[in-house]
Amino acid sequence: MKAGTKLGLVACFLAMGTAALWFYLTRQVSLPDDRTLFAIVLLAAAGLGVLAYIKGTGLVGGVPPAAAIVIGLFLPFTMSVSEQTVEADRVIAVGDRVPRFSARDAAGEIFDSDTLHGHLVLIKFFRAHW
Amino acid sequence: MQVLTVSTDSPEDIAAERHLHGLQARMLSDVELKVTDAFGLRNTGFHSAPLSHESVALPVPATLLVDPEGRVLWLDLSKDYQRRSDPGVVLAAMQAHFDTLEL
């Protein structure tokens, strides 16, 4: 086994293990506010992946460090662009009346917000499935 | 009590994915962000959807409780899309606001 291959495997396990923990916590809605440690570990895994190539890997041995680099850079990138902003003068606030709206539901039928009158309502905005 | 969700998925995508939620909610499609904009919830920051996604922008993840007269009782906006409303926080808000209302 070439010197870089072992290192590449370590980098890959580190990146995938950290990513698995990340997605587990995401599903539990308990990803911490401060994700610095995640970023450090993931960037370290990407760095180890680069180091593996420097030390030299075979063709097959070159796959794990590639995975480590992709995962190790991608998740910190998503962290860096995850901040959400709205237009402060347009966003709805507590005490405001909910605007009237209509939209299609999963069956393609039109839903009208007038039907909500007289009910307690929980509205959840989320981005999309993908 | 009525539960609604609003997302930028097409009705077909929602129909295909809704079993994942186990929800009895009415899941609304807002591809053109009309509902999102009516609530002022369009994210004006980085648009981090996959390139294949057809919407030009995305809503900020948000949870609202609305009273029977249509006024917002409680609102939780995510300042960071990776941090959603904690279900415990939403439940606590429901208990705090809904239990005080007689219906």
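Just above sits the structure.
Summarised in this report is the structure supplied together with it.

Residue and element names in this part refer to chain B. Within the fold, Glu 12 resides in helix 1 (residues 11-17). A relative accessible area of 57% means that Glu 12 is categorised as exposed. Placed 60 residues apart in sequence, Glu 12 and Val 72 show a C-alpha to C-alpha distance of 30 Å.

Summed over the entire model, instances satisfying the criterion amount to six aromatic pairs over all chains. On the numbers, 6.5 Å between centres and 40° between planes, the contact of Phe 74 of chain A with Phe 77 of chain A is tilted. Of this pair, Phe 74 of chain A and Phe 77 of chain A both sit in helix 3 (residues 63-80), three residues apart, which is roughly one turn of the helix. Judged by its relative accessible area of 49%, Phe 74 of chain A falls in the partly exposed class. Summarising the aromatic geometry, the rings of Phe 101 of chain A and Phe 39 of chain B are spaced 5.5 Å apart at their centres and angled 65° between planes, so their arrangement reads as edge-to-face. Of this pair, Phe 101 of chain A sits in the loop between helix 3 and strand 1 (102-105) while Phe 39 of chain B sits in the loop between helix 2 (34-38) and strand 3 (62-66), which puts the two residues in different chains. Across the pair, Phe 39 of chain B and Phe 101 of chain A agree in class, each one buried. Among the aromatic residues, those joined into a cluster by ring pairs are Phe 101, Phe 111 and Phe 125 of chain A together with Phe 39 of chain B.

With that settled, the discussion passes to the interface of chain B and chain A. The extent of an interface is frequently quoted as the accessible surface area lost upon association of the parts. Between chain B and chain A, the residue contacts involve 68 residues of the former and 52 residues of the latter. Surface buried jointly by chain B and chain A totals about 5,800 Å² across both partners, of which 60% is contributed by carbon and sulfur atoms. Applying the counting rule to chain B against chain A returns one salt bridge. At the boundary of chain B with chain A, the tally comes to 25 residue pairs in polar contact (both at pLDDT 80 or more). Mapped onto the side of chain B that touches chain A, the elements with two or more residues apiece are strand 1 (2-7), helix 1, strand 2 (26-29), helix 2, strand 3, strand 4 (72-77) and helix 3 (87-98) of chain B. Top contributing element to the side of chain B that touches chain A by residue count: strand 1 of chain B, with six residues. With five bridges joining them, strand 3 (residues 121-125) of chain A and strand 3 of chain B adopt antiparallel strand pairing. Note that in strand 3 of chain B the partner of Ile 123 of chain A across the bridge is Leu 64 of chain B.

Attention now moves to the packing of helix 2 (residues 36-55) of chain A against helix 3 of chain A. For any two helices packed against each other, one specifies the inter-axial angle together with the distance between the axes. Residue and element names in this part refer to chain A. Relative to each other, helix 2 and helix 3 sit at 150°, their axes nearing to 8 Å. The orientation of helix 2 relative to helix 3 falls into the category roughly antiparallel. Here helix 2 runs over helix 3; the crossing is left-handed. Residues Phe 38, Ala 39, Leu 42, Leu 43, Ala 45, Ala 46, Gly 49, Val 50, Ala 52 and Tyr 53 of helix 2 lie in contact with helix 3, whose contacting residues are Pro 65, Ala 66, Ala 68, Ile 69, Ile 71, Gly 72, Leu 73, Leu 75, Pro 76 and Met 79. Of the residues that constitute the contact of helix 2 with helix 3, the class distribution is 18 nonpolar, two polar and no charged.

Turning our eyes to something else, we now look at helix 3 of chain B. With 12 residues, helix 3 of chain B should cover 16 Å at 1.5 Å per step; its first-to-last C-alpha distance of 16 Å lies within 8% of that length. Those residues of helix 3 of chain B that sit buried are Val 90, Ala 93, Met 94 and Phe 98 of chain B. Buried residues in helix 3 of chain B, looked at end-on, bunch into an arc of 105°, giving them a common side. Considering only its buried residues, helix 3 of chain B is in contact with strand 3 of chain A together with strand 3 and strand 4 of chain B.

So, about the environment of Phe 23 of chain A. Looking at the secondary structure, you find Phe 23 of chain A in helix 1 (residues 3-27). Separated by 82 residues in sequence, Phe 23 of chain A and Asp 105 of chain A place their C-alpha atoms 28 Å apart.

In this model, Leu 33 of chain B sits at a positive phi of 65°, which is unusual for a non-glycine residue. Its location among the elements puts Leu 33 of chain B in the loop between strand 2 and helix 2.

So, on to the sheet that holds strand 4 of chain B. What holds strands together in a sheet is hydrogen bonding between their backbones, with the strands either parallel or antiparallel. Pairing in this open sheet of seven strands is mixed, and the strands run 2(A)-1(A)-2(B)-1(B)-3(A)-3(B)-4(B) from one edge to the other. Every other strand in the sheet has two partners, leaving strand 2 (110-112) of chain A together with strand 4 of chain B as the edge strands with one partner each. Across the sheet, the mean angle separating the axes of adjacent strands is 30° when strand polarity is ignored. Relative to strand 2 of chain B, strand 1 of chain B runs parallel, the two being bridged by four bridges. Note on strand 2 of chain B: the bridge partner recorded for Leu 4 of chain B is Arg 26 of chain B.

Criteria and cut-off values
Residues numbered from 1 in each chain as written. Chains lettered and ligands numbered in written order. Predicted model: local features only at pLDDT ≥ 70, side-chain atom pairs only at ≥ 80, totals over all residues. Heavy atoms only, no water. Helix = DSSP H or I, 4+ residues; strand = E, 2+ residues; numbered from the N terminus. Buried < 20%, exposed > 50% of the residue type's maximum accessible area, 1.4 Å probe, protein only. Phe/Tyr/Trp six-rings, centres within 6.5 Å; stacked < 30°, edge-to-face > 60°. Contact = heavy atoms within 4.5 Å. Buried area = accessible area lost by both parts, 1.4 Å probe. Salt bridge = Lys/Arg side-chain N within 4 Å of Asp/Glu carboxyl O. Polar contact = N/O pair within 3.5 Å; in protein donor to acceptor, adjacent residues only side chain to side chain. Pairing = 2+ DSSP bridges. Axes fitted to C-alpha atoms, helices over the stretch in contact; angles between N-to-C directions. Parallel < 35°, antiparallel > 145°, perpendicular 65-115°, else oblique. Left-handed = near helix turned anticlockwise from the far one by under 90°. Nonpolar A, V, L, I, M, F, W, Y, C, P; charged D, E, K, R; others polar. Expected span 1.5 Å × (residues − 1). Arc of directions from axis to C-beta.

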